[in-house]
Amino acid sequence: MQRIFSGIQPSGVATLGNYLGAIRNWVALQDEHECIYCVVDLHAITEWQNPKDFAQQTREMAAVLLACGIDPTRHILFLQSSVRAHAQLAWIFNCVARIGWLNRMTQFKDKAGKNRENASTGLYVYPNLMAADILAYKATAVPVGEDQRQHLELANDIAQKFNHDYGVDFFPNIQPLILGVAARVMSLRDGTKKMSKSDPSDQSRINLNDDADTIALKIRRAKTDPEPLPSEMEGLANRPEARNLVGIYAALADMDADSVLRDHGGKGFGAFKEALAALVVDRLSPIAAETRRYLADPASVDAVLRDGAGRAAAIADPIVAEVERMVGFIGV
Ligand code: AQP
């Protein structure tokens, strides 16, 4: 069975983008893969997290994953900061990756924005930690949204350079698994920006814990253009907001976008948004209810995470110990 690794940052409440681009695929992959899923709290602190909220966000993210159907008995679910191998291997990778490689990372440019000099050094070396997350388990496939493709290419560059520098054939090649029609869900306020849990505008996203009225209101207020929906895909060219709403509908209804346009083309956005809101509520409200059920017993969530951390460390620790020997650490 192929081993896969993937992670999600507890930097806010999981969004519909996280769900369609990642979590839903994680659940589906459980039948045919050995899955290691991680709440990546070390990654989250590359940007400021208020400690009071952060602990709650972290537990809530784990609860969301369980509510969506991650099965911690057949697979592994844990917190990144609980398994020291991630940070240990990341340091070695900081010394393998080149500054020129990191300078090309578009996510750093997007997140650091104009205030680059004031971004944390953690944000800059984020892709090295991500490479360590995957390679500490010698995972060979990573289900991610389209936005993470560049980071996976960098992880492969790091693996190859390590193998080459130390004259070993140790780290495998990693394959991105980019699944589903809505591999990239965009902001409801700006169809050119991805939907993000840390976007300052709550109106830009659907949170997995939003109630039905909030979801309906956000979709009603979502930015659109004055034209009706087209009946064919070509009619969505240069209409990023319309394309995004159609993509969300298609992904949640398990249809292709052409079929959505066949059913809804020619209608104004008012009617389409009503149909979309009903679909989103139908799909997300069971998840929100199940998340609340897990959070009513936080000790049970912590027990799942503790058990997962033990099983994750049992895989990662020997791999990282071997890497340290290859590097020449004496380890006494
Ligand atoms: N808008 C999106 N569409 C599709 N997939 C998405 N993902 C994130 N946003 C979208 C996928 O979700 C997984 C977990 O992401 P993450 O939490 O590790 O970090 P991120 O990609 O930076 O997600 P956010 O929501 O934008 O978080 P913040 O605001 O903290 O930066 C990844 O597989 C990602 O592809």
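Residues numbered from 1 in each chain as written. Predicted model: local features only at pLDDT ≥ 70, side-chain atom pairs only at ≥ 80, totals over all residues. Heavy atoms only, no water.

Right, let's talk about the packing of helix α3 (residues 51-68) against helix α14 (residues 298-327) for a bit. One way to put it is that α3 packs onto α14 with a least axis distance of 10 Å and a crossing angle of 80 degrees. When the axis of α3 is compared with that of α14, the two are roughly perpendicular. From α3, Arg-59, Ala-62, Ala-63 and Leu-66 reach across to α14, where they touch Pro-298, Val-301, Asp-302, Val-304 and Leu-305. Tallied by class, residues from the contact of α3 with α14 come to seven nonpolar, no polar and two charged. (Axes fitted to C-alpha atoms, helices over the stretch in contact; angles between N-to-C directions. Helix = DSSP H or I, 4+ residues; strand = E, 2+ residues; numbered from the N terminus. Parallel < 35°, antiparallel > 145°, perpendicular 65-115°, else oblique. Contact = heavy atoms within 4.5 Å. Nonpolar A, V, L, I, M, F, W, Y, C, P; charged D, E, K, R; others polar.)

For helix α8 (residues 126-135), the tally of buried residues reaches 10 of 10 residues, placing the bulk of the element in the interior. Listed as buried for α8 are Tyr-126, Pro-127, Asn-128, Leu-129, Met-130, Ala-131, Ala-132, Asp-133, Ile-134 and Leu-135. (Buried < 20%, exposed > 50% of the residue type's maximum accessible area, 1.4 Å probe, protein only.)

What follows concerns the pattern of salt bridges. In this structure the tally under the stated criterion is 18 salt bridges. Put simply, Asp-31 and Arg-74 hold a salt bridge, and the shortest N to O gap is 3.9 Å. A residue pair is termed long-range when its members are at least 10 positions apart, and Asp-31 in the loop between α1 (16-29) and β2 (34-39) and Arg-74 in the loop between α3 and β3 (76-79) qualify at 43 residues. Judged by relative accessible area, Arg-74 falls into the partly exposed class, the value being 47%. Members of the salt-bridge network, linked through shared partners, are Asp-202, Arg-205, Asp-210 and Lys-218. (Salt bridge = Lys/Arg side-chain N within 4 Å of Asp/Glu carboxyl O.)

A few words on the pairing of β2. With five of its six residues buried, β2 lies for the most part within the structure. Note: strand β1 (residues 3-8) against β2, six bridges, orientation parallel. Of the residues in β2, the one forming a bridge with Ile-8 is Val-39. Each parallel crossover has a hand, and for β1 linked through α1 to β2 it is right-handed. (Pairing = 2+ DSSP bridges. Right-handed = clockwise from strand over helix to strand, strands pointing away.)

Next up on the list: the site of the ligand. In the region of the ligand, 21 residues are neighbours, and Ser-11, Lys-111, Ser-196, Lys-197 and Ser-198 sit closest. With respect to the ligand, the side chain of Lys-197 contributes an N or O atom lying 2.4 Å from an oxygen atom. Relative to its free-state accessible area of 640 Å², the ligand is covered by the protein chains to the extent of 98%. With four residues, the top contributor of residues to the shell around the ligand is α1. Tallied by class, residues from the shell around the ligand come to six nonpolar, 10 polar and five charged. (Near = heavy atom within 4 Å. Polar contact = N/O pair within 3.5 Å; in protein donor to acceptor, adjacent residues only side chain to side chain. Areas by Shrake-Rupley, 256 points an atom, 1.4 Å probe, with all protein chains shown as cover.)

Once that is clear, we can look at the nonpolar core. Residues Leu-16, Tyr-19, Ile-23 and Leu-284 are the most contacted members of the largest nonpolar core, which totals 58 residues. The two domains that each donate at least three residues to this core are domain 1 (3-183 + 298-327) and domain 2 (209-293). Judged by nonpolar contacts, the second largest core, of 50 residues, contains Ile-76, Phe-78, Leu-135 and Phe-170. (Core = buried A, V, L, I, M, F, W, Y, C linked by side-chain atoms within 4.5 Å. Domains from an automatic or database assignment.)

Next up on the list: a negative patch on the surface. On the surface, a cluster of negative charge is made up of Glu-232, Glu-234, Asp-256 and Asp-258. Here Glu-232 shows up in the loop between α10 (212-221) and α11 (240-253). Looking at Glu-232, the relative accessible area reads 52%, which means it is exposed. (Patch = residues over 30% accessible without salt bridge, like charges linked within 9 Å, V, L, I, M, F, W, Y side chains within 5 Å. Lys, Arg positive; Asp, Glu negative; His and termini not counted. Charge placed at Lys NZ, Arg CZ, Asp CG, Glu CD.)

The assigned domain composition of the chain is domain 1 (3-183 + 298-327) and domain 2 (209-293). Taking only C-alpha atoms, the centre of domain 1 and the centre of domain 2 are 30 Å apart. If you look at the interface, domain 1 gives 12 residues, while domain 2 gives 12 residues. Close ionic contact of Asp-254 with Arg-24 constitutes a salt bridge, the shortest N to O distance being 4.0 Å.

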